[in-house]
Each structure stands twice: as C-alpha cells, then as structure tokens.
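Coordinate inspection notes
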Amino acid sequence: MISLRSILALSLGLPIIAVRATQYSLVKQYAGAHFFDGWDFYGNYDNLTNGDAIFVTASQAASQRLAFVNSAGNAIMKVDNKTNVVFNDKRNTVRISSKDRFAVGSVWIADMLHVPYGCSVWPAFWSQALDWPTGGEIDTFEAVNMESNSQISLHTVPGCTVVNAVQTSTLVNTTDCSFLANQNSGCAVGNPDPNSYGAAFAATGGGVFVTEFAETGISLRRGNVPNSLQGNASSVDTSSLGKPVANYPTGGCNVDRFFQPQKLIFDITLCGDFAGNPQTFAQTCSGFCYQDYVIGSPSNYDNAYFEVRSVRIFGTSPSVDITPGSSGASQDTTSVLWLGLTGLSATLLFLLAL
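Residues numbered from 1 in each chain as written. Predicted model: local features only at pLDDT ≥ 70, side-chain atom pairs only at ≥ 80, totals over all residues. Heavy atoms only, no water.

**Describing the overall build of the protein chain**
Convention followed: Runs of H or I in DSSP of at least four residues are treated as helices and runs of E of at least two as strands, each being numbered from the N terminus. Only protein chains enter the area calculation, which uses a 1.4 Å probe; residues under 20% of their type maximum are buried, those over 50% are exposed, and those in between are partly exposed. The criterion used for residue contact is that any of the two residues' heavy atoms lie within 4.5 Å. Each accessible area value is a Shrake-Rupley result obtained with a 1.4 Å probe; residue values ignore everything except the protein chains displayed when judging cover.
Scanning the protein chain from N- to C-terminus turns up seven helices and 21 strands. Across the 354 residues of the protein chain, 59% fall into the buried class. In the protein chain, of all internal contacts separated by at least 6 residues, the share reaching a separation of at least 24 is 81%. Accessible surface, the protein chain: about 12800 Å² in total, of which carbon and sulfur atoms supply 51%.

Now the structure itself:
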C-alpha cells in the first residue's frame with residue numbers, strides 16, 4: 001500500500017489539449033430521508049482489506065445509530081464511538097454499496113460535509129464492478145489516519161496505463177493501473193488540496209466530488225460551482241468544470257475493455273492493509289494501530305464519520321445508465337482483494353472543494 005506522503009511529485013510537462021465535454025441528465029438521486037433505501041449493508045467482518053472492523057447489517061446500523069439521516073436531512077455513516085472493545089475483538093462500522101450499477105456514460109456527484117479521519121481510520125468513497133478486478137475499480141476519495149490530503153486511483157487487470165493525462169495534480173505515484181503491479185497500489189494520484197481530507201475538509205464546509213465515467217474530468221473551487229451542480233439541477237455539462245484533478249485518458253486505457261458497470265461504495269475500515277501498515281501508520285500517528293486505537297478509548301472515533309448531503313447520478317441522453325443490481329452482501333463478498341485504491345479509466349475525476 002502507498003501512503004499519500006510517499007507519492008512522488010512529478011511534473012508531467014504535457015501540452016494542453018482540448019477536453020471533450022458531454023451533457024448529462026439526472027437519472028438517480030440518493031438524498032434526504034430515503035437516502036439508505038438504495039443501498040445494501042455488507043453485514044460481515046472486513047474480510048476484504050484485513051481491517052479490524054465489523055461492517056454491520058442495516059438493522060444493526062439503525063439500532064446502534066451508525067447509519068441514519070440527521071435533522072438536517074444529511075446521511076451519517078460512522079464508526080462506533082461508544083463501545084469499549086475488548087482485545088481480539090473488532091469495532092463496528094459501516095460499509096454500503098448501491099443496489100444499482102452505473103455504466104460508462106455516467107457522472108456521479110457526491111456532496112459531502114464531513115469525511116472520517118483519525119488514527120487507524122481508513123475511509124473511502126469508491127466503486128467497483130461485480131467481477132473484480134476484471135471489471136475495474138474507481139477510487140474517487142480515499143485517505144488514511146491523519147494525512148492532510150486524499151488520493152484518487154484506479155485498479156484494473158494488466159494493460160491499463162496512464163498516457164498523456166491532462167490534470168491539475170502533479171502528485172503522481174505510478175501510471176500502471178494493474179492490480180498485479182506495485183503491490184496493487186493502482187495508478188494513484190494525490191489530491192494537492194490540503195483541504196481534501198481531515199479536519200480542514202470539514203472546517204471549510206466540505207466538498208463536492210465529481211466522477212465522470214467517460215472521457216473527461218474536472219477540478220474547481222466550490223465557491224465557483226456552476227448552477228448545474230447545485231440544488232436539484234436536472235443536468236450537468238462537464239465543459240463548465242475546468243481541468244480535472246486526475247485524468248485517465250483512453251489513449252492508455254480503453255474504458256470499454258477494462259471497466260464494467262460500477263456499484264458505488266462508502267466504507268470506513270480500521271487499520272488493515274493500508275492504514276495499519278506500520279510504515280504508513282507511523283507517518284502521522286504514534287503507538288500501535290489496533291492496541292492504542294481500535295481497543296483504546298471509543299472517543300478516538302468521534303471524527304470517524306461521513307456526513308453526505310447527496311449522491312446524484314447523471315447519464316448521457318437518451319440512454320439511462322442504470323443497471324439494476326441484486327441485493328445482499330453475498331454479491332459484494334465476491335469482489336475480494338480490495339486494497340483501498342480504485343480505478344477510473346478513459347474517464348476523469350474531479351474534486352470541487354471549498
């Protein structure tokens with residue numbers, strides 16, 4: 001696993017080229033009192049990334065107040081910050097995946113006010129196909145522990161690489177997206193904005209993450225977010241969004257070959273292969289991941305929660321890019337070996353932060 005602090009800062013030195021924009025229409029929205037109706041809860045321990053976490057069922061999440069809609073109408077997903085966990089046990093937390101899958105020609109926009117952070121905490125908002133790694137993975141947002149920046153990445157079968165990316169970030173780790181390369185670190189790009197994670201993200205009012213599952217991507221300040229991304233807008237035009245933070249063009253990665261319809265996923269695991277890696281953990285935290293935090297004071301997790309205003313999906317007209325998915329954790333369990341890094345290809349990803 002690769003820590004954000006170990007990502008090399010490289011100047012790509014690429015010429016500016018035109019980015020093809022597309023008009024998208026609203027096809028699906030997760031928001032308000034019924035936010036959780038369109039999601040499946042994992043309902044098992046973290047058998048995917050070796051985290052010291054139990055992903056609760058929907059009924060457990062409701063009774064333990066780990067997933068609910070608050071008085072402001074925002075969805076909360078959190079780690080248990082009330083229970084004293086005994087040695088050899090794991091701490092309860094949340095992982096949900098969308099019942100629907102979204103095909104090429106889609107844009108998903110997540111408006112978040114708060115993201116989980118803290119020592120041992122490994123949150124992500126990402127997506128993957130039912131068949132992993134054949135169908136690809138896209139990590140829109142991922143971070144660990146007390147890092148100050150989040151990262152973006154793709155994971156695919158061998159053959160997908162980044163060529164001639166047009167993006168704002170120069171924090172490029174590797175351009176090979178294969179899950180077999182570099183210990184499955186994926187083709188990761190660090191978000192250079194220091195407000196893209198942690199307390200700074202919340203203090204500035206959060207941010208809007210936009211993933212375009214097509215051929216373009218964008219980055220801009222939330223203060224300049226166009227009307228198409230505000231409120232109940234029925235469409236979005238990516239030409240109004242500028243250059244993306246991370247860009248994965250078709251030149252090195254044919255999206256139709258390396259990606260299949262994607263389920264959206266929110267999860268918060270603890271320690272595990274990434275946050276719990278001793279070298280990564282020691283960069284921003286002291287002590288031991290499990291002993292000092294997971295079974296330590298529950299207050300360690302007071303900031304380990306997502307607060308999400310909405311997730312909206314847009315598609316290219318006239319097609320409707322929703323593939324109904326089957327419910328149940330058993331379907332998700334087949335998508336093993338997620339190491340916390342996702343993949344976009346022939347698509348772009350962009351963050352609109354305050």
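**A short note on the state of the cysteines**
Quick note on the threshold: Criterion for a disulfide: a pair of cysteine sulfur atoms within 2.5 Å.
Going through the model one piece at a time under the given rule, you end up with four disulfides. Here cysteine 119 pairs with cysteine 285 through a disulfide, and the sulfurs are 2.1 Å apart. Residues cysteine 119 and cysteine 285 are joined by a disulfide whose S-S torsion is about -100°; by sign, that bridge is left-handed. Of this pair, cysteine 119 sits in the loop between strand 9 (106-114) and strand 10 (121-128) while cysteine 285 is found in the loop between helix 5 (278-284) and helix 6 (289-294), placing the two residues 166 residues apart along the sequence. The pair formed by cysteine 119 and cysteine 285 is uniform in burial state, with each residue classed as buried. Disulfide partner of cysteine 160: cysteine 253, at an S-S distance of 2.0 Å.

**Considerations on the sheet that holds strand 7 (residues 91-93)**
Rules: Following DSSP output, two strands are said to pair if at least two bridges run between them.
The three strands lie next to each other as 3-4-7, forming an open sheet whose pairing is mixed. Of all the strands in the sheet, just strand 3 (44-45) and strand 7 have a single pairing partner and so form its edges. Strand direction decides the pairing type here: strand 3 and strand 4 (residues 53-55), joined by two bridges, are antiparallel. Each bridged residue has a counterpart across the sheet, and for asparagine 44 the counterpart in strand 4 is phenylalanine 55.

**Describing the pattern of salt bridges**
This is how the line gets drawn: Definition used for salt bridges: Asp or Glu carboxyl oxygen within 4 Å of a side-chain nitrogen of Lys or Arg.
Counted by the stated rule, this structure contains four salt bridges. The closest approach of N and O atoms between lysine 99 and aspartate 40, which form a salt bridge, is 2.6 Å. Residue lysine 99 is found in strand 8 (residues 95-102), and its partner aspartate 40 is found in strand 2 (residues 39-41); the two are separated by 59 residues along the sequence. For lysine 90, the salt bridge goes to aspartate 52, with nearest N and O atoms at 3.8 Å.

**Comments concerning the nonpolar core**
Our working definition: Nine residue types can take part in a nonpolar core, namely buried Ala, Val, Leu, Ile, Met, Phe, Trp, Tyr and Cys, and a core is a set of them joined through side-chain atoms within 4.5 Å.
Core analysis: the biggest nonpolar cluster contains 63 residues, and Phe35, Met112 and Phe266 have the highest contact counts within it. In contact with methionine 112, other than residues within four places in its own chain, are Phe125, Phe201, Gly205, Gly206, Gly207, Phe209, Phe266, Phe306, Glu307 and Val308.

**Overview of the packing of aromatic side chains**
So the rule is basically this: Only Phe, Tyr and Trp rings are paired, with Trp represented by its six-membered ring, and only when their centres lie within 6.5 Å; those with planes under 30 degrees apart are stacked, over 60 edge-to-face, the remainder tilted.
This structure, assessed with the given rule, holds 19 aromatic pairs. Ring centres of phenylalanine 266 and phenylalanine 306 lie 5.2 Å apart, and the angle between their planes is 75°; this geometry places the pair in the edge-to-face category. One end of the pair, phenylalanine 266, is in strand 18 (residues 262-270); the other, phenylalanine 306, is in strand 19 (residues 305-316), with 40 residues separating them in the sequence. Phenylalanine 266 sits in the buried class, given a relative accessible area of 1%.

**Examining the environment of glycine 205**
The residue glycine 205 is located in the loop between helix 2 (198-203) and strand 14 (207-213) in this model. The spacing of glycine 205 and histidine 114 is 91 residues in sequence and 7.8 Å in space, taken between C-alpha atoms.

**A look at the confidence of the model for the protein chain**
In plain terms, the rule: pLDDT is a residue-level measure of predictor confidence that goes from 0 to 100.
On average, residues of the protein chain score 80 in pLDDT, and 79% of them reach the 70 mark or higher. Note on residues 1-21: pLDDT is under 50 here. Beyond four places in sequence and across chains, it has 48 contacts. When the criterion is pLDDT under 50, residues 326-354 qualifies, and its contacts beyond four places in sequence or with other chains add up to 169 contacts.

**Some remarks on unusual backbone geometry**
With the exception of glycine, the majority of residues adopt a negative phi angle, and the majority of peptide bonds are in the trans configuration. In this structure, proline 133 follows tryptophan 132 across a cis peptide bond, with omega equal to 10°. Checked against the element boundaries, proline 133 lands in the loop between strand 10 and strand 11 (137-142). At asparagine 88, a position not held by glycine, the phi torsion is positive, near 80°. By secondary structure assignment, the location of asparagine 88 is in the loop between strand 6 (75-78) and strand 7.

**Side note on the environment of leucine 66**
For leucine 66, the location among the structural elements is in the loop between helix 1 (58-63) and strand 5 (67-69). Residues leucine 66 and valine 94 lie 28 residues apart in sequence; the distance between their C-alpha atoms is 7.0 Å. Not counting chain neighbours up to four residues away, the residues in contact with leucine 66 comprise Val56, Ala61, Ile76, Met77, Lys78, Val79, Asp80, Asn92, Thr93 and Val94.

**With respect to the pairing of strand 10**
With eight of eight residues buried, strand 10 lies mostly within the body of the structure. Residues Val121, Pro123, Phe125 and Ser127 point to one face of strand 10 and Trp122, Ala124, Trp126 and Gln128 to the other, with burial holding for every one of them. Sheet topology places strand 10 next to strand 18; eight bridges connect them, and they run antiparallel. Within strand 18, the residue paired with alanine 124 across the bridge is aspartate 267. Note: strand 10 against strand 11, five bridges, orientation antiparallel. When the sheet's bridge partners are listed, alanine 124 is paired in strand 11 with glutamate 142.

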